[in-house]
Amino acid sequence: MTKSTSGKSGTANKAVLSWVDQIAKLCKPDRVYWCNGSKAERKALIAEAVASGVLLKLNPKKRPGCYYHRSNPNDVARVEQSTFMCSESQEEAGPTNNWMAPKEMYERLYGYAAGSMRGRTLYVVPYLMGPPGSPMAKVGFELTDSIYVALSMGAMTRMGDVALEELGNREDFNRGLHCMLDIHPERRYISHFPKDNAVISVGSNYGGNVLLGKKCLALRIGSCLGRQEGWMAEHMLILGVESPTGEKTYVAAAFPSACGKTNFAMMMPPARLKGWRVWTIGDDIAWMKPGPDGRLYAINPEAGYFGVVPGTNSQSNPAAVEMISHDTIFTNVALTPDLDVWWEGKDGSPPRECLDWKGNKWTPDSREKAAHPNSRFTAPMANNPLLAPEANDPQGVPISAIIFGGRRSDTMPLVFQAFNWGHGVYVGATMGSEMTAAAVGGAGQVRRDPMAMLPFCGYHMGDYLRHWINMHKAIKHPPRIFHVNWFRKDQQGAFLWPGFGENMRVLKWIVDRCHARADAEESALGWVPKPDSLDLAGLSNFTPARFEQVQAIHAEEWRREIMMHEELFIKLHTRLPKELIFQRELLLARL
Ligand code: OXD
Ligand code: MN
């Protein structure tokens, strides 16, 4: 294989070449540019993006290598109502996905795509999801007319020749097409074709809708492939906990969008927990497969972080503050007069004046937020000072614990452990969370979000839960399963638990449970820490009464909660595994 240079193809793979040719003939770009992933190329593409006004160079003294981008104000979050799973039948996609027949959707979207790149460049972006040489890694191509997408894919994935080399002459690559069109919500579709391992996204330029390796391939198509091939594609961070003796324990955790996965994956433990450290492997997605030793191994398919900016500060995530101080693209934050960025919840006081995310003048008296609540940073994982070297291990890491968690002001205690895998699947399946700004609409309402996968499961959610139950048979040493809630409030509306770095205390109990060295007692929900088995030393104001409050199980709240489990089960009833109904009966009996 020849290396690609100056935008020419670097592959002899006939399937790739003929598909790119077919799409170019359809979209009619003025120029086709093949990305090779080199540093020189990135520099040149950034210069082009700056020259055309897509990016603005930030103050190199304050934020070296950083750039600023504003999206169209109508295009700032994932749009679940425009996201479709075009499986062969509607039943396969299930009641939690929008569906259209593949033929009809192809016709509609090829209609929009036809001639849509006239006067523009089509960037061919080959990318690898997973470490090179990993048996779990997959190759995708994104053909896009957005230079912002090409640059973002360069940070979020292993992009360019590395992917062509991994693919060789194989044909099992994901075919992704992205056309910006005129960024009109009525012509916005994020469509997945599981049978063809293909994705077409039109009418948006917002990351979650258009960085096709992420939600589209790694989760929606990935979940379909995982079911067929015997592995799991999950909306989970992966972290390694190092104990004072140097022992490393790996944990995966599923929280819905914008509920603190990135903060948890990059946690700095409080000084009181001397010698305990957290290392990041991934902050959003885990691909997990049983290994030859009977444990469940996980890789992070991504190579960068597309994280929510507001609220990032030296208390919530000190490592992220350092990570985004250089070589980062900021989207929809506020811009200060000295060409730095600002957001709500940043360290220090607000600027006296700046431009808000829409480019309008903003002062601290303004009623609107300066940064959009879903404004984002795009940073390569190499920037992360807590990056675990294992993030590049082709074999992945063995997972000892899986944690589920949502954003709940009431009902859910700080932490409990499921009795076993089957019970843990029930706990994950019935997860609820208050909605956030990561998706359009509904912010604040509690919705059921099984395994935090509601917007990302590419097939019938009942079959997905069955896949979880079946996986138990393939994993000789299954991870222990836990549920956490950092967001429980007291009657005055104040958070009961301090959160952030103090979450290490809960994580330590979880790790110690995995190694059979922490006490627990049985409750109706599962195993819970005894008051003295959670290390609370040095946590000022956290009295035993507060511990009781944060762990309380109130019967009337649970009656309501179980009714809401029932609503989800009714929706999934045709394919709901009966094991989950039994689990519900057991929970009722215990309560
Ligand atoms: C994300 C999301 O951006 O879940 O990761 O929306
Ligand atoms: Mn996510």
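Predicted model, so just to flag it, every value in this text is computed and none were measured.

1. Topic: the site of ligand 1
Inspection of the region around ligand 1 gives 9 residues, with Arg78, Lys215, Ser257, Asp284 and Arg376 positioned closest. Within the side chain of Ser257, an N or O atom sits 2.5 Å from an oxygen atom of ligand 1. Contact with the protein chains removes 96% of the 210 Å² of surface that ligand 1 exposes when unbound. Tallied by class, residues from the shell around ligand 1 come to 2 nonpolar, 2 polar and 5 charged.

2. Quick notes on the nonpolar core
If you look at the biggest cluster of nonpolar residues, it comprises 117 residues, and the most contacted ones within it are Met288, Phe330, Ile402 and Trp468. With near-sequence residues (within four places) excluded, Ile402 lies in contact with Met236, Ala252, Met288, Leu296, Trp421, Trp468, Pro479, Arg480, Ile481 and Phe482. Formed by 38 residues, the second largest nonpolar core is a distinct cluster that contains Trp486, Trp509, Ala520 and Leu534.

3. Some thoughts on the domain arrangement of the chain
Domain boundaries in the chain define domain 1 (4–59 + 77–229), domain 2 (234–304 + 388–590) and domain 3 (305–379). With centres defined by C-alpha atoms, the gap from domain 1 to domain 3 works out at 28 Å. Listed per partner, the contact involves 17 residues of domain 1 and 14 residues of domain 3. For the pair domain 1 and domain 3, the summed buried area comes to about 1,100 Å², and 69% of that belongs to carbon and sulfur atoms. Contact with domain 3 buries surface across domain 1, with Leu58, Tyr148 and Tyr206 losing the most and accounting together for 38% of the total. In this assembly, domain 1 and domain 3 are joined by 0 salt bridges. Joining domain 1 to domain 3, the criterion identifies 5 residue pairs in polar contact (both at pLDDT 80 or more). When contributions to the side of domain 1 that touches domain 3 are tallied by element, the ones reaching two or more residues are strand E2 (56–57), helix H5 (147–156) and helix H7 (207–210). For the side of domain 1 that touches domain 3, the per-class residue count stands at 10 nonpolar, 4 polar and 3 charged.

4. What to know about the layout of surface pockets
Considering only enclosed or pocket space, the largest pocket measures out at about 980 Å³ in volume. Along its surface, the largest pocket is lined by 46 residues, and Ala258, Cys259, Gly260, Asn263 and Arg407 are the ones closest to its centre. Going through the elements one at a time, helix H8 (213–229), helix H9 (261–265), strand E17 (304–308) and strand E23 (376–380) are the ones with two or more residues in the lining of the largest pocket. Sort the elements by how many residues they give to the lining of the largest pocket and H9 lands first, with 4 residues. Looking at the lining of the largest pocket residue by residue, the classes come out as 22 nonpolar, 16 polar and 8 charged. When its volume is computed, the second largest pocket comes out at roughly 760 Å³.

Thresholds applied
Residues numbered from 1 in each chain as written. Chains lettered and ligands numbered in written order. Predicted model: local features only at pLDDT ≥ 70, side-chain atom pairs only at ≥ 80, totals over all residues. Heavy atoms only, no water. Near = heavy atom within 4 Å. Polar contact = N/O pair within 3.5 Å; in protein donor to acceptor, adjacent residues only side chain to side chain. Areas by Shrake-Rupley, 256 points an atom, 1.4 Å probe, with all protein chains shown as cover. Nonpolar A, V, L, I, M, F, W, Y, C, P; charged D, E, K, R; others polar. Core = buried A, V, L, I, M, F, W, Y, C linked by side-chain atoms within 4.5 Å. Buried < 20%, exposed > 50% of the residue type's maximum accessible area, 1.4 Å probe, protein only. Contact = heavy atoms within 4.5 Å. Domains from an automatic or database assignment. Buried area = accessible area lost by both parts, 1.4 Å probe. Salt bridge = Lys/Arg side-chain N within 4 Å of Asp/Glu carboxyl O. Helix = DSSP H or I, 4+ residues; strand = E, 2+ residues; numbered from the N terminus. 1 Å grid on protein atoms, 1.4 Å probe; cavity = no way out; pocket = protein on both sides within 12 Å on 5 of 7 lines; lining within 4 Å. Points joined across faces, edges and corners; volume = space filled by probe spheres on them.

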